[in-house]
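Per-entry structural report
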Amino acid sequence: MNTLILRTVAPGLTALMLLFSIFVLLRGHNEPGGGFIGGLIAASALAIYGIAFGVGAVRRAMRFHPMTIAGAGLFMSTISGLVSILFGVPFMTGLWIYPSFLGAEVPLSTVMSFDLGVYLVVLGSIVSIALALEQDSEPEEQAVAPLPSPAELRPEVKKRRDPRRRAKESR
Amino acid sequence: MAAMGPALTFCALFLPFVGALAAPFAITRFGDRGAWLLALFPALAFMHFCGFLPEIAAGEVATGGYAWAPSFNLSFSWFLDGLSLTFSLLITGIGTLIVIYSGAYMNGHPQQGRFLSFILLFMGAMLGLVVSDSFLMLFIYWELTSVSSFLLIGFDHEREAARRAALQALIVTGGGGLCLLAGLVFLWNITGVTQLSLLVHLGDALRQSPFYLAALLLVLAGAFTKSAQFPFHFWLPNAMEAPAPVSAYLHSATMVKAGVYLLMRLNPVMGDTPAWEILLPFFGGLTLLTGTMLGLRQTDMKLILAYTTVASLGLLVMLTGFGSPHAIQAAVLYLLAHSLFKGALFMVAGAVDHETGMRDVTRLAGLRTAMPVTFLAALLAALSMGGLPLFFGFLAKEEIYLALWSGNPRAVFFTLLAVIGNALMFALAFAVALKPFIGRRAAATAGVHEGPLMLLLGPVLLAVLGLVAALAPGLSHRYISSPMASAITDEKTVIDITTMPHWGMPLLLSVLTVLLGLLVYWRIDAARAGMLRVLESLGPGPDRGFDILVAGLIRFSVLVTRLLQPGRLEIYVTATFIMLAVALLVPLFVFGEMPALPAWPRDMLIQEAAFLAIALIGIIAVLRAKDRLTAIVSLGIQGFAVAVIFLLFGAPDLSFTQFMVETLSVVILTLVMTRLRLDPSDHRPLGQMLPDAVIAIACGLGFTLLLLRSLEVPFDMRLTEFFNAYSKVIAHGANVVNVIIVDFRGTDTLGEISVVMITGLAVLALIRVRAGRRAP
């Protein structure tokens, strides 16, 4: 969608929504919110960005493939559950620590990192579905030529460096 | 030693498996000579089991085992009596010879290591089968022998015949194994025990049970398929596609006897009933006759032997079910004799094949000068198979006639069967063991010479053993036959027959058998031609029936797949929703659970009514929308209205999530719609719309009624109270919903996010597949 208004508003809106999604994630333990809903908000933020600037822009902004993010989230959640083994308590038991940070006590827990994992899984899965669907529906969006992959570059390098092979070929 | 006993036996039981793991490395490292090394595994087990001989001969049993799954009353436990011990010795003893023999027979084969590995794997399975005490262990080993037999028959997997034979054997014996499992479950249910050693004392309870016949038929299905009884006999000759060591070991000496073993094992428990004494002799006798008749037609050495094996198995089943102690003793003697001479003859056939490259008895002749040692082994084995005096086969045959001959009509009938069967087997034995070695040397076998030591050791040893065991009857009866017969009859039995012929009816019948056999041998070509004509007039047999069955099964599964997976999304979705409506509505009607229609709430607030109206407007808009995009967005309106209603009724978390889900569904649905490149609007005839509308209304109605009904049930507040009370105290969170998600029920959530991720991956894969197909 190529409207000027959306293009102008989108970056700010996306940034704001992502910030909000993290806020929702963190307040979840005591007030309405949590990982699921936070992940959904973040996914919609990136959807808005995608509608305004196209799939390529979102992929570049995210740096990682969304599925990688989802995988990392699942890994994080599983690890959060497994930490309890080290303390000899059953799987998925919540463990808390209260370190002091700039004079304020900050409660941290495996429950929180578990919820963060949930957030990442939801975000990654939904964004990857949305991007994959969106990518195909706008095939003309190929403004930026894709970088040549290492596989495409390698044969040239090899040819130059391998004199025996070149001799064979000239024969 | 006493304390170490069980542990050592446990090791002995697993030695073959260890050998199976080591086999490929041993062959790669040492070549053919690796077989000597590998033969140590079964040889050690053999020696261990020999140590039990005095104890078992004294009438004791050796048991041992370890708990496996105590909560299910399952144990890995073994039970060694005369029957198990004899089988164990046969398996490990002949197994040792077979491993050595395979070293030479398969020499130079690129997959010799794999072959030996399979052989040892089978050995472990078979050994486990015969010592198993627990039913489950018996079944697992039973199926494992089927699987390893499949691997061995199909060893030469590049030939189609081998693949077919392997599959056939697996289907027949594996299918029988499943029947056996059902039979064992019956036994367990009737008697309440899961161990063979405990079952022995519960025979009367079992025989009086109304389910006795069902259990018997299922067990017989297992035993008959494994032991190739008519009409399942066809897989065994086809299994001759396997290399000769396999035929010698699995398909004559050991595996095919598993069915007979099972029948012998269950004889004290299930035997002595009319059903047992009718079914077993009938099918056994039929198999004896079928096997010898079909064997007469063959010219291939291995196939002749295979059919005589079928016949011998029939004879064993017949004797086991005949119902007299003498018949059991005869079965024991014949089983021992058969394992020795048939194993030897198969190895001879393999050696001849290995040296000359052919197995056709009509073309082979005059090999006695080229292969004298092989000839000697063949002759000794054939004399035992023919049941001539001084050989173990003679003891068996005397005992058979002694058991069968009692004068009543039933006995006369079976005696006649046995005489015909034995006479034909006599003729076939010499057709294989004598014919290729005498006469004028054929030109095709000019440069043939004797096989190496490794190829000769097995057949010679087994053939000589058949003579030695008969010449020292006291020893062999005391340690092997009598304990085995005692185990089968479950009472002290002493076998005392010797090789000295004594005047009587059995000897007369023996002479008759030999004369008849000589006659058939003398006219074997005419007999073969005659049999061929008879078989042609009979038409195709069960082997062809198997092909028809398999082809039919494939056609049927294609039909079912087409019906259930037509590949059209429309049909899947329609079927899913119809089933949903049925699942929702039918129980409500059938069980009379229809809810009472609730009264319209009087004190409805204005904002509640307003959002209800908005939801309704959204739905009407969906129905009236001209194009798809409008419909999707209108559906969003309805969803948002519902989210607001959640909020009004005090469920902020739910409402929050509902908002986001609605937003994203609108976005993703729109993307899917654009991606599918459908027409912007949807024009369908009334004929299509009406059924869809009916299904939609039925689903909606179903959900409404179900929700109303569940609201009528008094709500159990215990969980709510628990979570409210403890959320803050033990989980340090004030938001009960989130605490449940991430802490109280965290494992559920872990499962859910895994599902989310897998769904994402699946969708991604589907999109990629389509994209890949579109871009050439």
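Computed from a predicted model, the values in this text were never measured in an experiment. (Residues numbered from 1 in each chain as written. Chains lettered and ligands numbered in written order. Predicted model: local features only at pLDDT ≥ 70, side-chain atom pairs only at ≥ 80, totals over all residues. Heavy atoms only, no water.)

It is worth spelling out the overall build of chain B at this point. Along the backbone of chain B there are 32 helices and two strands. For chain B, whose C-alpha radius of gyration is 36 Å, the value lies well above the compact-globule estimate of 28 Å for 776 residues. With the principal axes as the frame, chain B shows a C-alpha extent of 115 × 60 × 60 Å. Looking at chain B as a whole, 50% of its 776 residues are labelled buried. Of the side-chain charges in chain B, 45 are positive and 43 negative, and the distance between the mean point of each set is 11 Å. (Helix = DSSP H or I, 4+ residues; strand = E, 2+ residues; numbered from the N terminus. Rg over C-alpha atoms; globule rule 2.2 N^0.38 Å. Buried < 20%, exposed > 50% of the residue type's maximum accessible area, 1.4 Å probe, protein only. Lys, Arg positive; Asp, Glu negative; His and termini not counted. Charge placed at Lys NZ, Arg CZ, Asp CG, Glu CD.)

Glancing now at the pairing of strand 1 (residues 62–69) of chain B. Residue and element names in this part refer to chain B. In the sheet, strand 1 pairs with strand 2 (residues 74–80) via seven bridges, with the strands oriented antiparallel. Pairing of Thr-63 across the sheet is with Phe-79, part of strand 2. Here strand 1 hands over to strand 2 after four residues, with Asn-73 in that stretch at a positive phi of 60°. (Pairing = 2+ DSSP bridges.)

This brings us to the pattern of salt bridges. Residues and elements named next belong to chain B. In the structure shown here, the tally under the stated rule is 15 salt bridges over all chains. Of the charged contacts, one joins Asp-81 and Arg-265 as a salt bridge, the two residues approaching to 2.7 Å between their closest N and O atoms. A residue pair is termed long-range when its members are at least 10 positions apart, and Asp-81 in the loop between strand 2 and helix 4 (82–105) and Arg-265 in helix 13 (residues 258–270) qualify at 184 residues. For the pair shown, Asp-81 and Arg-265 are each scored as buried. Across the salt bridge formed by Glu-712 and Arg-709, the nearest N and O atoms sit 3.0 Å from each other. In this pair, Glu-712 and Arg-709 both sit in helix 29 (residues 686–712), three residues apart, roughly one turn of the helix. Owing to a relative accessible area of 23%, Arg-709 belongs among the partly exposed residues under this scheme. (Salt bridge = Lys/Arg side-chain N within 4 Å of Asp/Glu carboxyl O.)

Let us now look at the UniProt feature "domain: Na+/H+ antiporter MnhB subunit-related protein" (unreviewed entry) in chain A. According to UniProt, the "domain: Na+/H+ antiporter MnhB subunit-related protein" (unreviewed entry) feature falls on residues 5–127 of chain A. Annotated as 72% helix and 7% strand, the span residues 5–127 of chain A places its first and last C-alpha atoms 23 Å apart. (UniProt positions renumbered as here; feature names shortened; annotations may be inferred.)

The next subject is the side chain of Gln-229 of chain B. All names here are of chain B. Along the chain, Gln-229 turns up in the loop between helix 10 (212–226) and helix 11 (235–238). Here Gln-229 falls in the buried class, since its relative accessible area comes to 0%. Separated by 3.4 Å, the side chain of Gln-229 and the backbone oxygen of Leu-313 make a polar contact. Not counting chain neighbours up to four residues away, the residues in contact with Gln-229 comprise Phe-224, Phe-283, Gly-284, Thr-287, Leu-313, Gly-314 and Val-317. (Polar contact = N/O pair within 3.5 Å; in protein donor to acceptor, adjacent residues only side chain to side chain. Contact = heavy atoms within 4.5 Å.)

This part covers a nonpolar patch on the surface. On the surface, a cluster of nonpolar side chains totalling about 790 Å² of accessible area is made up of Ile-578, Met-579, Val-582, Val-586, Phe-589, Val-590, Phe-591 and Met-594 of chain B. The topology assignment puts Met-579 of chain B in helix 25 (residues 569–590). (Patch = residues over 30% accessible without salt bridge, like charges linked within 9 Å, V, L, I, M, F, W, Y side chains within 5 Å. Areas by Shrake-Rupley, 256 points an atom, 1.4 Å probe, with all protein chains shown as cover.)

Another point: unusual backbone geometry. In this structure, the amide linkage connecting Phe-230 of chain B to the following residue, Pro-231 of chain B, adopts the cis form with an omega of 0°. Tracing the backbone shows Pro-231 of chain B in the loop between helix 10 and helix 11. Look at Arg-63 of chain A: it is not a glycine, yet its phi comes out positive at around 70°. By secondary structure assignment, the location of Arg-63 of chain A is in the loop between helix 3 (55–62) and helix 4 (66–86).

Counted at 1.5 Å a residue, the expected span for helix 20 (residues 453–471) of chain B with its 19 residues is 27 Å, and the 26 Å between its end C-alpha atoms agrees. Along helix 20 of chain B, the residues that are buried comprise Met-454, Leu-455, Leu-456, Gly-458, Pro-459, Leu-462, Ala-463, Gly-466, Ala-469 and Ala-470 of chain B. (Expected span 1.5 Å × (residues − 1).)

This part covers the side chain of Asp-653 of chain B. Along the chain, Asp-653 of chain B turns up in helix 28 (residues 652–676). Of the buried charged residues, Asp-653 of chain B lacks a salt bridge, with Arg-27 of chain A as the closest side chain of opposite charge at 7.4 Å. Side chain to side chain, Asp-653 of chain B and Asn-735 of chain B meet in a polar contact 3.5 Å long. Other than its neighbours up to four places away in sequence, Asp-653 of chain B contacts Pro-32 and Gly-33 of chain A together with Asn-735 and Val-737 of chain B.

Mapped onto this numbering, the UniProt entry annotates "transmembrane region" (unreviewed entry) at residues 12–29, 35–58, 70–96 and 116–133 of chain A. Structurally, residues 12–29 of chain A is divided into 89% helix and 0% strand, and its ends, taken at the C-alpha atoms, are 27 Å apart.

Glancing now at the packing of aromatic side chains. Residues and elements named next belong to chain B. Under the counting rule described, the total for this entry stands at 31 aromatic pairs over all chains. Here the aromatic rings of Phe-224 and Phe-283 are separated by 5.5 Å at their centres, their planes lie at 55°, and the arrangement is tilted. Of this pair, Phe-224 sits in helix 10 while Phe-283 is found in helix 14 (residues 274–297), placing the two residues 59 residues apart along the sequence. Note on Phe-283: relative accessible area 23%, which makes it partly exposed. Between Phe-375 and Phe-437 the ring centres are 5.0 Å apart and the planes differ by 35°, which places this aromatic pair in the tilted class. Remark: Phe-437 occurs in the loop between helix 19 (409–433) and helix 20 and Phe-375 occurs in helix 17 (residues 372–386); sequence separation between them is 62 residues. With respect to burial, Phe-375 and Phe-437 carry one shared label: buried. Taken together, the aromatic side chains of Phe-10, Phe-14, Phe-17, Tyr-66, Phe-76 and Trp-78 make up a single cluster linked through ring pairs. (Phe/Tyr/Trp six-rings, centres within 6.5 Å; stacked < 30°, edge-to-face > 60°.)

With that settled, the discussion passes to the interface of chain B and chain A. Interface size is commonly expressed as the accessible surface area that is lost when the partners come together. Counting from both sides, the interface comprises 41 residues of chain B and, opposite them, 43 residues of chain A. Summed over both sides, the interface between chain B and chain A buries roughly 3600 Å², with carbon and sulfur atoms accounting for 75% of that surface. Counting across the chain B and chain A interface gives zero salt bridges. On inspection of chain B and its partner chain A, the count reaches nine residue pairs in polar contact (both at pLDDT 80 or more). Those elements that provide at least two residues to the side of chain B that touches chain A are helix 28, helix 30 (718–731), helix 31 (736–744) and helix 32 (746–774) of chain B. Broken down by element, the side of chain B that touches chain A gets its largest block of residues, 17 residues, from helix 32 of chain B. Grouping the constituent residues of the side of chain B that touches chain A by class yields 22 nonpolar, eleven polar and eight charged. (Buried area = accessible area lost by both parts, 1.4 Å probe. Nonpolar A, V, L, I, M, F, W, Y, C, P; charged D, E, K, R; others polar.)

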